[in-house]
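# Coordinate analysis (summary)
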Amino acid sequence: MVEKKIPKATARRLPLYYRYLRFLHEAGKNRVSSAKLSEAVKVDSATIRRDFSYFGALGKRGYGYDVEALMNFFSKTLNQDRLTNVALIGVGNLGQALLNYNFRRSNNTRISAGFDINDKLIGTIHQGVPVYHIDDMVEQLDLQQIDVAILTVPSEIAQEMANKLVEGGVKGIMNFTPIRVNVPESVRVHNVDLTNELQTLIYFINYYQELDDAE
Ligand code: ATP
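Residues numbered from 1 in each chain as written. Predicted model: local features only at pLDDT ≥ 70, side-chain atom pairs only at ≥ 80, totals over all residues. Heavy atoms only, no water.

## Here we look at the site of the ligand
In the vicinity of the ligand, 15 residues are found, and the nearest of them are Gly92, Asn93, Leu94, Asp116 and Ile157. Taking Leu94, its main chain carries an N or O atom lying 3.2 Å from an oxygen atom of the ligand. Between the ligand and the protein, one listed contact pairs a nitrogen atom with a backbone N or O atom of Ile117 at 3.5 Å. Expressed as a share of its isolated accessible area of 610 Å², the protein-covered part of the ligand is 67%. (Near = heavy atom within 4 Å. Polar contact = N/O pair within 3.5 Å; in protein donor to acceptor, adjacent residues only side chain to side chain. Areas by Shrake-Rupley, 256 points an atom, 1.4 Å probe, with all protein chains shown as cover.)

See below:
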C-alpha cells in the first residue's frame, strides 16, 4: 500500500477502524462492506472511502473490504506490533488508577515505569510496574527507551516535570494536570482534564434542560 502523508482527522479515526476490524476478525468475519463499517464506527461511508484511499485500500464493489488485510495494515500503521513503553510521572490516586487500568488489553502499550517522590512508593512494584525516584527519571527514560509519558503530578510541579521529560527526550506527554505546559514544538502534548470534562458535561445537561423547560 502506498505511503502518503495522511490528514490528521483521518489519523484520528484509525484506532476506531482498527478496533472494529479486530472485533470482526475475532468474530471470524472475512469481509465488511463500507455501509456496515460506517454504521458500526459512526463515520459516513464517503469519509471512510476517502480515509481508506489514503492507504491505497480500495474496497471492491460488491465485496467490500478484506478484514484481515486491513486490520494487519492498520495494526502496523498504529504501531500495534511494537510494544510502546510509557512512563507514569506521579503515582498518586489517578496515577495508580491508570496503572490498574490495563492498556495492553486493547493494544501493545504499557506503562513500564512509575516515578514519584514519595518514599513509601519508591522501590515498590505496582501491577508489575516498578516505581523509581523522580531523580532517576531522566536516566531511566533513556535506559528503557521511553518516548511517551503520562503526567499525573500536582499542578504546581507540572511545568517542572514537563521540562524534565523534555530533557529525558520524550516525544509525547499525556497531561492529566489542569496546567497547560510549555514544551518545544517537537514534543506533542495531549491534555486530558477529567474535572473539566465532567463539568462541561454537566453544564450542557443543565443548559439543554433549561432550553427544554423554556419551550
Ligand atoms: P491525584 O489523584 O491527583 O493523583 P493524590 O492526592 O494522589 O492526587 P497528588 O498530591 O496530586 O496526589 O500527587 C500525585 C502524586 O505525585 C503523588 O504520588 C505524589 O507523591 C507525587 N509527587 C508530588 N510531588 C512530586 C515531585 N516533585 N516529583 C514526583 N512526584 C511527585
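After that view of the structure, there is still more to cover.
## Overview of the nonpolar core
Within the largest apolar cluster, 19 residues are counted, with the highest numbers of intra-cluster contacts made by Ile89, Leu151 and Leu165. For this core, the elements supplying multiple residues, two or more each, are β3 (84–89), β4 (109–116), α6 (137–143), β7 (148–151) and α7 (158–167). If one sorts the elements of this core by residue count, α7 sits on top with 4 residues. Counting 18 residues, the second largest nonpolar core, distinct from the first, contains Tyr18, Ile48, Val67 and Met71. (Core = buried A, V, L, I, M, F, W, Y, C linked by side-chain atoms within 4.5 Å. Buried < 20%, exposed > 50% of the residue type's maximum accessible area, 1.4 Å probe, protein only. Helix = DSSP H or I, 4+ residues; strand = E, 2+ residues; numbered from the N terminus.)

## Structural notes on a nonpolar patch on the surface
A surface patch of nonpolar side chains, amounting to about 510 Å² of accessible area, comprises Tyr203, Phe204, Tyr207, Tyr208 and Leu211. Here Phe204 lies in helix α8 (residues 194–214). A relative accessible area of 40% places Phe204 in the partly exposed class. (Patch = residues over 30% accessible without salt bridge, like charges linked within 9 Å, V, L, I, M, F, W, Y side chains within 5 Å. Salt bridge = Lys/Arg side-chain N within 4 Å of Asp/Glu carboxyl O.)

## With respect to unusual backbone geometry
Backbone geometry at Gln127 places phi at a positive 50°, although glycine is not the residue there. For Gln127, the position within the fold is in the loop between β5 (125–126) and β6 (129–133). A residue is classified by how much of its surface remains accessible, and Gln127, at 56% relative accessible area, is exposed. Positive phi, normally seen in glycine, also occurs at Gln145, with a value near 50°. As for its position among the elements, Gln145 is in the loop between α6 and β7. Gln145 sits in the exposed class, given a relative accessible area of 67%.

## Details of the domain arrangement of the protein
Per the domain assignment, the segments of the protein are domain 1 (8–77) and domain 2 (84–196). Distance from the C-alpha centre of domain 1 to the C-alpha centre of domain 2: 32 Å. (Domains from an automatic or database assignment.)

## Considering the pattern of salt bridges
Close approach of charged atoms allows side chains with opposite charge to pair. In total, this model carries 3 salt bridges according to the counting rule given. Across the salt bridge formed by Arg22 and Glu26, the nearest N and O atoms sit 3.9 Å from each other. Pair noted here: Arg22 and Glu26 are both in helix α1 (residues 8–26), with a separation of 4 residues, about one helical turn. Given a relative accessible area of 25%, Arg22 falls into the partly exposed group. Note that Lys171 and Asp147 form a salt bridge whose closest N and O atoms lie 3.3 Å from each other. Remark: Asp147 occurs in the loop between α6 and β7 and Lys171 occurs in the loop between α7 and β8 (172–175); sequence separation between them is 24 residues.

## Concerning the pairing of β7
The sheet contact formed by β3 and β7 spans 4 bridges and is parallel. In the strand pairing of β7, Ile89 is matched with Leu151. Direction of pairing for β7 relative to β8: parallel, over a ladder of 4 bridges. Bridge pairing links Val148 to Gly172 in β8. The parallel pair β7 and β8, bridged by α7, forms a crossover whose chirality is right-handed. (Pairing = 2+ DSSP bridges. Right-handed = clockwise from strand over helix to strand, strands pointing away.)

## A closer look at the pairing of β4
The buried count for β4 comes to 6 of 8 residues, which makes it a mostly enclosed element. Direction of pairing for β3 relative to β4: parallel, over a ladder of 6 bridges. Within β4, the residue paired with Ile89 across the bridge is Phe115. Pairing geometry for β4 and β6, over 3 bridges, is parallel. Its bridge partner lying in β6, Asp116 is registered against His133.

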